[in-house]
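Coordinates in review
Below are the chains, spelled out letter by letter.
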Amino acid sequence: MSVGYIRQILVMARWEFLRTFSTMGRGILPAAIILFLLLVAASGLTAQSGLHIQDGMYQLGTDNAAAGEMIAGDPRFIVYLDSRPSLLNTRDSYDIIILGSEVYVQDTEKGRAAVTSLEQVFEGYSAFINVQEPDLYAAYPLWIDRIYERSTIDFTATQSGQQVSPIPQREAPEPRGDIVPVATPKGTVPYEPDQLRAEISRTAAQDDTISRYSQVIGQESGSGSFRTPNQLSPPLPFDSIILIFVFIFPLYFTSQFFMMSIMNERIERRGEVLLSAPYHPSAIIIGKALPYFVMMVAISLILILISSLPINTILPLIPVIFFFLASALVIGMLARSFKELSFLSIFFSTMATSYLFFPSIFANVHVVSLISPLTLIILEIQGDSFTLMDYLYSTSLFYLTSIILLYAGSVNFTEERLFSLHRLIPRTIEFISAGISKTYPLISVGILGGLVIPFVFMVQLMGLVLFFNLPMPLSLLLLIGYAAVTEEVAKSIGIYALARILPGGLTWRLVIFGSVATALGFLAGEKLLLFATIAQVTESVFGSVMFLSLQLLWMPFLLHAGCLAVVAVALKVGGLRWYIPGIILATIIHAIYNLTVSGVIPL
Amino acid sequence: MKSRNVLIVTKKELGGIYAEKTIVFAILLQLFIALFSSFLMVGLTTMYDPNALAGYRGVEYGIGYVGSDGDLYSIIDDRPDLRAYRMDLDPAIASLKERQLQAVVFVPDTPADADEPVLVTLYMLQNDIQSAVVEVKLKEAFLVYEEELRSVRSNRLTLTPIHLEFPETRERSSYFEFVFGLLIPLLVFMPAIISAALIIDLITEEYQAGTLETLLSTTVTYGEMLWGKILACIAIVPIQSAAWLLLLAANGIVVQHPLEILLHVVAGSMILIIIGAFCALHYRERTSAQFIFSTAVVVLIIIAMSFPYNPLNLIVRLSVGTIGSVHWVLLFGLLAFSLLLSLLLTRYAGRISRLPQ
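Everything quoted here is computed from the prediction, not taken from an experiment.

On to the pairing of strand β1 (residues 58-62) of chain A, then. All names here are of chain A. Along β1, 5 of the 5 residues are buried, which leaves the element largely enclosed by surrounding structure. Taking every second residue as pointing to the same face, both faces of β1 are buried, with Tyr-58, Leu-60 and Thr-62 on one and Gln-59 and Gly-61 on the other. Pairing of β1 with strand β2 (residues 77-81) involves 5 bridges; the strand directions are parallel. Its bridge partner lying in β2, Gly-61 is registered against Tyr-80. The handedness of the β1 to β2 crossover, carried by helix α2 (residues 65-72), is right-handed.

Next comes the structure, spelled out in structure tokens:
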């Protein structure tokens, strides 16, 4: 990178900064400040009065006034006090009836939900009473000290999403490896009763629906690893929801400004001036993105400081920032009108948010969670620092896709592409075909085959997250079909674009060698990325379905080339209309192959 | 204001939405989230209520039991899904690390009626889905044991709390509350927010692309242009919300009072859309208008949620059928408020349409 290039970037960045913040700042600053103050006030109001979404969900009738008063403290219940005979007469209009101390439940889904909530209310009440007992250890005679051990066997078997059932043995198991002496635990709780009292009251008060969403990040328990049995609950992180709000939304928001800045250049051909400057397109793009990048990093740093997290929490956020900016660039260049821009960006944000959010739910539970950088932040909050391998594993796809998207953006940052108003899908094909050389089509489609790999992985991992919860045979079958469709569509993009842009359509030579070249590129990209990153998932049952086995190279190659050739022949013989039927046929072949390889269909 | 001109603008905008296939994205989005509903059922419910994990049944998990003989051993071993093995601590931990056991409990020889608490040490594997399942099962065993110990020590208890006798059947449900109390109101209300963002796009585009002058040079007036666009945005709200309710019904989640819910959503969306239109008319530039609008919406929603009987809560109550005719009064109030806002908007629009462009 030469000095001149860097200077170009800096000039662009300076102008972008001046334009955005001088024109926009004056107009919206007063309103923004007022709204911010209102936001603070509103959050204060909510903290005081609670969130009233689930108020009055259940109807409960009772002749026990004391119990009714206790339950009415929870706004989810509408409590009716009535006499026993009239309650029995009108029992169908209640979800729960309490006569004396007997609880009767309506046999519906809602009734079961109501009794679940009632038990929570009752547990909270019991804790509230018990904690006032002068003899705490009579009210809470059992305490559990929870200690976590690290397994010497890695994720693969039990973590692959299936329930490996240990066959119950008559005798106690014998450890095969070394026996390391473990210190005998002490028999006393190292806390004062008052400390424990405070902690029980705190968790009991917290055990309602609101706190699940409003819990402060990384709140430490006041009694260390010591719990009463009631306080035991598996460590599923609720933090991830909060993290989305705290970190991802501001970042997404800021990337919107960049998206709009790109879009603005295209309105009324305003960007013509920019294009006539003797600057390289990539310098223009990077320069325009730089102020937003700095802003996003600054916002993240401020948020990290406010929530007093370790400073290297920023590391997993950087690829997310890159990814948002790169997507903002491409969406800003693709959209025809503002409403298309809005819908595209809402659609993208939902996808990206789910990709980031859903895996991180399982942060402590399943290795799949590591595909989201947010999981690293959760680990960091818990005090388990992540390794370099973890970082590579969960962020490399973000880095790679961002680079490819930025590349696609800068190749297409020309007058012809920026100001044309074609429909969305033809435009997307135009963007892709900019990367295909008509003189060397074979090399181009081969490289394209390799470049789509990170996107294919992202989409497939998304599917993995989606399906791994379902019962075992179903999830495997769904995943096989899903993986096959994704790969076939991704591979065929190059051939399809060629069929569109070449004047005479595809030649037979292109059909054959194009399929071979794409399959080669696809396979090379797949294997390279696999070795580098996601070896952990590939060793699981699902991995072997999605990412064909690593040893045999010629079989998957034949499969990729063959399936693509099916699509290419369909395009050659039937024209563009036959694309979809071609894809369907190729998918079926692909799925059957995968079923055979994974042993579902015997040879 | 001629209603014919308003309708022409509405038709044009709806046609644009259809032609650009943007609505397809909105529906794709809905389908995508509906696809997640399988996930929502299992995964999110689990997150919402970890105890739902106890539903993983049919497997017997091995538990290492270290320490003195006591009731806890038989409580654990008598469960159909747990099997306890008497072991020494060191080999038990080694087996746990090799995944031959799912948990190890260390029980001291504290007598049941002692002054100090019984402190059980529970060893589990980190980062493990089975640990989460086993922990829920052990929790149930511990609760039984706690109750036993508490009754041994009951002579030391002084307070007499209210007593409730719950039915024996262990059938519990937590997904209902999540789906009806959180998912449905949010999903049904989403189209209203999307439409409000859409009105900003439609209005600011006329300004920024310079097409407003062309439009106003026809017989269409400024007010007709504005209300035509607003009408188009309102029109697509019930369609999307109804699609949601149908998708949910296809997933076996049947909502009560769907028509009333749609009416509330439309009333709420009118308010949001008019606020969006105010922002758009004031800034006439998409970035600023969207920024201010979305912040304002967040503030508005937070404020609304801290009051009982807010629109989201009304949707919850309607969908589970726990509200009488009160909601008509509230709906009427909401409509009156949006009428007031629309009068203000018309006056504001009349004022700026007279300003030099």
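The structure having been displayed, the exposition proceeds.
On to the environment of B:Phe106. Turning to its location among the elements, B:Phe106 is positioned in strand β3 (residues 103-107). Using a count of 22 C-beta atoms within 10 Å as the deciding quantity, one classes B:Phe106 as buried. The spatial distance from the C-alpha of B:Phe106 to the C-alpha of B:Ala197 is 59 Å, given a sequence separation of 91 residues. Apart from the residues within four sequence positions on either side, B:Phe106 is in contact with A:Pro185, B:Val66, B:Gly67, B:Leu89, B:Val120 and B:Thr121.

Pairing between the strands of a sheet is mediated by backbone hydrogen bonds and can be parallel or antiparallel. Within the open sheet, the 6 strands sit side by side as β6(A)-β5(A)-β4(B)-β3(B)-β1(B)-β2(B). Their pairing is mixed. Only two strands of the sheet have a single neighbouring strand rather than two, namely β6 (226-227) of chain A together with β2 (82-86) of chain B. Direction of pairing for strand β5 (residues 142-149) of chain A relative to strand β4 (residues 118-125) of chain B: parallel, over a ladder of 8 bridges. Across the sheet, A:Asp145 pairs through a bridge with B:Thr121, a residue of β4(B). Along the sheet face, helix α3 (residues 71-78) of chain B touches β1 (61-67), β2 and β3 of chain B and points at about 140 degrees away from the line of β2(B).

All names here are of chain A. Taking 1.5 Å as the rise per residue, helix α25 (residues 579-597) with 19 residues should run 27 Å; its terminal C-alpha atoms sit 27 Å apart, in good agreement. Residues Gly-582, Ile-583, Ala-586, Thr-587, His-590, Tyr-593 and Asn-594 constitute the buried set of α25. Along α25, the residues classed as buried sweep out an arc of 130 degrees about the axis, all on the same side.

All names here are of chain B. Summing up the model confidence of chain B, the mean pLDDT is 82 and the portion of residues at 70 or higher is 86%. Element-level pLDDT for chain B is lowest in helix α2 (residues 22-48), with a mean of 58, against a maximum mean of 94 in helix α9 (residues 258-283). Low confidence marks residues 42-57, where pLDDT is under 50. Its contacts with residues over four positions away, or in another chain, come to 34 contacts. Of the two predicted TM-score estimates for the complex, the pTM is 0.78 and the ipTM is 0.80.

All names here are of chain A. Core analysis: the largest hydrophobic core is formed by 104 residues, its most contacted members being Leu-325, Leu-329, Ile-495 and Val-567. In terms of residue count, the dominant contributor to this core is helix α12 (residues 314-334) (14 residues). Mapped onto the domain boundaries, this core takes at least three residues apiece from domain 1 (237-434) and domain 2 (436-603). Look past the residues within four positions of Ile-495 in its chain and what remains in contact with it is Val-445, Gly-514, Thr-518, Leu-564, Val-567, Ala-568 and Leu-571.

Reading the values: the criteria
Residues numbered from 1 in each chain as written. Chains lettered and ligands numbered in written order. Predicted model: local features only at pLDDT ≥ 70, side-chain atom pairs only at ≥ 80, totals over all residues. Buried ≥ 20, exposed ≤ 12 C-beta atoms within 10 Å, placed from the backbone. Helix = DSSP H or I, 4+ residues; strand = E, 2+ residues; numbered from the N terminus. Pairing = 2+ DSSP bridges. Right-handed = clockwise from strand over helix to strand, strands pointing away. Contact = placed C-beta atoms within 7 Å. Axes fitted to C-alpha atoms, helices over the stretch in contact; angles between N-to-C directions. Expected span 1.5 Å × (residues − 1). Arc of directions from axis to C-beta. pLDDT = per-residue confidence, 0-100. Core = buried A, V, L, I, M, F, W, Y, C linked by C-beta atoms within 7 Å. Domains from an automatic or database assignment.

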